[in-house]
Amino acid sequence: MNLKNQSSEAAAAKKSVLIEKIRSEKFFYYFIISIMIIMPVGELITELMGQTYVSQPHILSIYGFIGIVTVCLSLLYKYKENTYYPSDIFYGLLVFFAAMSLAFSQDIFNSVTGFYYDELPMHFMAYFSLMYAGTMINDNRLRKNILYVFCMVAALQCIVAFFQTMGFQIVDCLYDPEWHTEEKLSYGLTHHNNWYAGLSCIFVAVSTGLFIFTDRNKKIRYVYLALAMLSLYTSLSTGARIALVGNTVTILFYIASLIIMKFNGYDKKLLKTRTVDFLIAMAAWAVIIAVMAFCTNFFKRSISEFASESQSGLDQMGTMRGYIWRYGLESVPKHWLTGVGLDNYIYAFHENPSWSEGMFSQAKGHNEYIHTLVTQGVFAAINYIAMLVYAIVTGVKSVIKNDDESCRCVTWIYLGMFAAYASQAFFNSSVINTAMYFWIVVGLTMPKVSQKPIKIKSHSSDKN
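Residues numbered from 1 in each chain as written. Predicted model: local features only at pLDDT ≥ 70, side-chain atom pairs only at ≥ 80, totals over all residues. Heavy atoms only, no water.

A count of helical and extended segments in the protein chain gives 19 helices and 2 strands. Taking 464 residues into account, the globule formula puts the C-alpha radius of gyration at 23 Å, and the protein chain, at 23 Å, falls close to it. For the protein chain, with 464 residues in total, the buried portion stands at 54%. Long-range contacts, defined here as pairs at least 24 residues apart, represent 76% of the contacts in the protein chain between residues at least 6 apart. Surface accessibility of the protein chain: about 21,000 Å² in total, with carbon and sulfur atoms responsible for 66%. The centroid of the 36 positive side-chain charges in the protein chain is displaced by 13 Å from the centroid of its 31 negative side-chain charges. (Helix = DSSP H or I, 4+ residues; strand = E, 2+ residues; numbered from the N terminus. Rg over C-alpha atoms; globule rule 2.2 N^0.38 Å. Buried < 20%, exposed > 50% of the residue type's maximum accessible area, 1.4 Å probe, protein only. Contact = heavy atoms within 4.5 Å. Areas by Shrake-Rupley, 256 points an atom, 1.4 Å probe, with all protein chains shown as cover. Lys, Arg positive; Asp, Glu negative; His and termini not counted. Charge placed at Lys NZ, Arg CZ, Asp CG, Glu CD.)

Further remarks concern empty space enclosed by the protein. Evaluated as defined, the whole model comprises 1 cavity of 30 Å³ or more. Considered as a void within the structure, the largest cavity measures approximately 220 Å³ in volume. Around the largest cavity sit 19 residues that line it, and Phe124, Thr372, Gln376, Tyr384 and Trp439 are the ones nearest its centre. Within the residue set of the lining of the largest cavity, elements represented by two or more residues are α4 (86-103), α6 (121-135), α16 (368-376), α17 (378-401) and α19 (432-445). The dominant element in the lining of the largest cavity, judged by the number of residues it contributes, is α16, at 5 residues. Taken together, the residues that form the lining of the largest cavity break down as 10 nonpolar, 6 polar and 3 charged. (1 Å grid on protein atoms, 1.4 Å probe; cavity = no way out; pocket = protein on both sides within 12 Å on 5 of 7 lines; lining within 4 Å. Points joined across faces, edges and corners; volume = space filled by probe spheres on them. Nonpolar A, V, L, I, M, F, W, Y, C, P; charged D, E, K, R; others polar.)

Bringing the environment of Met131 into the picture now. Take Met131: it is sitting in helix α6. Between the C-alpha atom of Met131 and that of Asp88, which follows or precedes it by 43 residues, the distance is 9.9 Å.

By secondary structure assignment, the location of Tyr77 is in helix α3 (residues 55-81). With 58 residues separating them along the chain, Tyr77 and Ile19 place their C-alpha atoms 9.2 Å apart.

As for its position among the elements, Asn433 is in helix α19. Polar side-chain contacts of Asn433 include one of 3.3 Å to the backbone oxygen of Thr190. With near-sequence residues (within four places) excluded, Asn433 lies in contact with Met39, Tyr53, Gln56, Leu189, Thr190, Trp195 and Leu199. (Polar contact = N/O pair within 3.5 Å; in protein donor to acceptor, adjacent residues only side chain to side chain.)

What follows is about the packing of α17 against α19. Where α17 contacts α19, the two axes come as close as 8 Å, and the packing angle between them is 50°. Considered as vectors, α17 and α19 are oriented oblique to each other. Of α19, the residues touching α17 (which contributes Tyr384, Met387, Leu388, Ala391, Thr394 and Gly395) are Phe438, Trp439, Val442 and Thr445. For the contact of α17 with α19, the per-class residue count stands at 7 nonpolar, 3 polar and no charged. (Axes fitted to C-alpha atoms, helices over the stretch in contact; angles between N-to-C directions. Parallel < 35°, antiparallel > 145°, perpendicular 65-115°, else oblique.)

A complete count under the given rule lists 39 aromatic pairs for this structure. Seen in terms of ring centroids, Phe298 and Phe299 are 5.1 Å apart; in terms of plane orientation they differ by 65°. Their pairing is edge-to-face. What makes Phe299 partly exposed here is its relative accessible area of 23%. Three or more aromatic residues link up through ring pairs in this structure, and these residues are Phe124, Tyr127, Phe128, Tyr369, Tyr384, Phe426 and Trp439. Its end group placed over the ring of Tyr222, Arg221 keeps NZ or CZ at 5.4 Å from the ring centre. The side chain of Lys448 reaches across the aromatic face of Tyr132, ending 4.4 Å from its centre. (Phe/Tyr/Trp six-rings, centres within 6.5 Å; stacked < 30°, edge-to-face > 60°. Lys NZ or Arg CZ within 6 Å of the ring centre and 35° of its normal.)

Before going further, it helps to spend a moment on the pattern of salt bridges. Summed over all chains, the structure comprises 12 salt bridges. A salt bridge links Lys364 to Glu119; its shortest N-O distance comes to 2.8 Å. Placement of the pair is Lys364 in the loop between α15 (347-350) and α16 and Glu119 in the loop between α5 (108-113) and α6, with a sequence separation of 245 residues. On the accessibility criterion, Glu119 (2% relative accessible area) is buried. With its nearest N and O atoms 3.1 Å apart, the salt bridge here joins Asp277 to Arg216. Linking Asp277 in helix α12 (residues 268-295) with Arg216 in the loop between α9 (193-213) and α10 (220-236), this pair joins segments that are 61 residues apart in sequence. A relative accessible area of 1% places Asp277 in the buried class. According to the relative accessible area criterion, Arg216 is partly exposed, its value standing at 41%. Residues joined in a network through salt bridges with shared partners are Glu119, Asp343 and Lys364. (Salt bridge = Lys/Arg side-chain N within 4 Å of Asp/Glu carboxyl O.)

Attention now goes to the layout of surface pockets. Of the voids in this model, the largest pocket is the one considered here, and its volume is about 1,100 Å³. Lining of the largest pocket is provided by 40 residues; of these, Asn194, Gly318, Thr319, Arg321 and His366 occupy positions nearest its centre. Listing elements by their share of the lining of the largest pocket, those giving two or more residues are α8 (177-183), α9, α11 (241-262), α13 (298-310) and α14 (317-331). At 7 residues, the largest contribution of residues to the lining of the largest pocket is made by α14.

In structure tokens form, the structure reads like this:
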């Protein structure tokens, strides 16, 4: 009997050790950096084998399954420890609202299978798990390492995109290939210029941030500056106006944050250094903008398109975005609770009496916030926006109050990346090969070390 008990105890101990490893900071760190690298590298490999857009949906689905299992284990142990964090609550609500939207979808087949670039249920689980994983990374060294991985991904994507602007396409473009080829638009490994435009804003922000906050004695900072210039060039070479939005907000973010830090007692010498380095980065940006202005018609075309759309009514605004938003928003009163179905935006067109077969429709909302509202309902949209606001507030407080300069700078950079993507998301769609990076940034903006824990009541009542 003793041997049997000892065997059971040993098995339980091994199980406990395994679970501890799975829910550890290191596990979630490798969970994040592995998918960041595998997604673009896997796409590049399959592209060179003649298979376009095959690997990425499957890779993300696998990570979605792994993610939800490991996060549930982590949350289960937190339940035993009687301690949660606000980000844990947001995670639970994200999963709950997505599940409800899926269960009550007006077209369950479309929500489950999708088509073209739709996001499947496991893709959402991957997003939410990556956000959760980001909050678990408290070690500033690991958080900084993830910034370096962002730069590695940026270098790979930007090199591919740069050659595309030269007319040399290493990989095929799956959507509107003739247009991308004829206009020599950059799309990296994302298969559409709009999608790459959103992702490239993150690349510009991370490389610019690393240049500003890296010690002046380190020559690597000039590599970051060069990467920022390349990222900006390929971002503007998408020909997408959303690139202007995201990159302009990055500039405004650093101007505003430097002013805020000045009035919050930031070290004057450091503030001067950061400001000068920001101005140097802006001078480098100006070189790229001048090249684009004189060598391409990007700015002229953007101004012309905006002027034309502003005279054509709200529906034409932003390349028919007004029309897409209108149909989506008109479906909300009828489906306000659970939406039309998880990533089922196209149903908003099909059910509208003013729409008929043959008219223009879209499977994406071209505004991530409206898309969430329409497909998942009012409460899901409130939860999503509240999570983003909480992440911003947590990050800003950390930058202002943190006495550790290294930690402060890392969070500062993540906030810049956050601002760049979140702003262009007002006009762009969530797709699997770009949105996942933003969910990582959201989590890393609010690590648990920067959050206040929520104590819950003990499960066992001790009566003494």
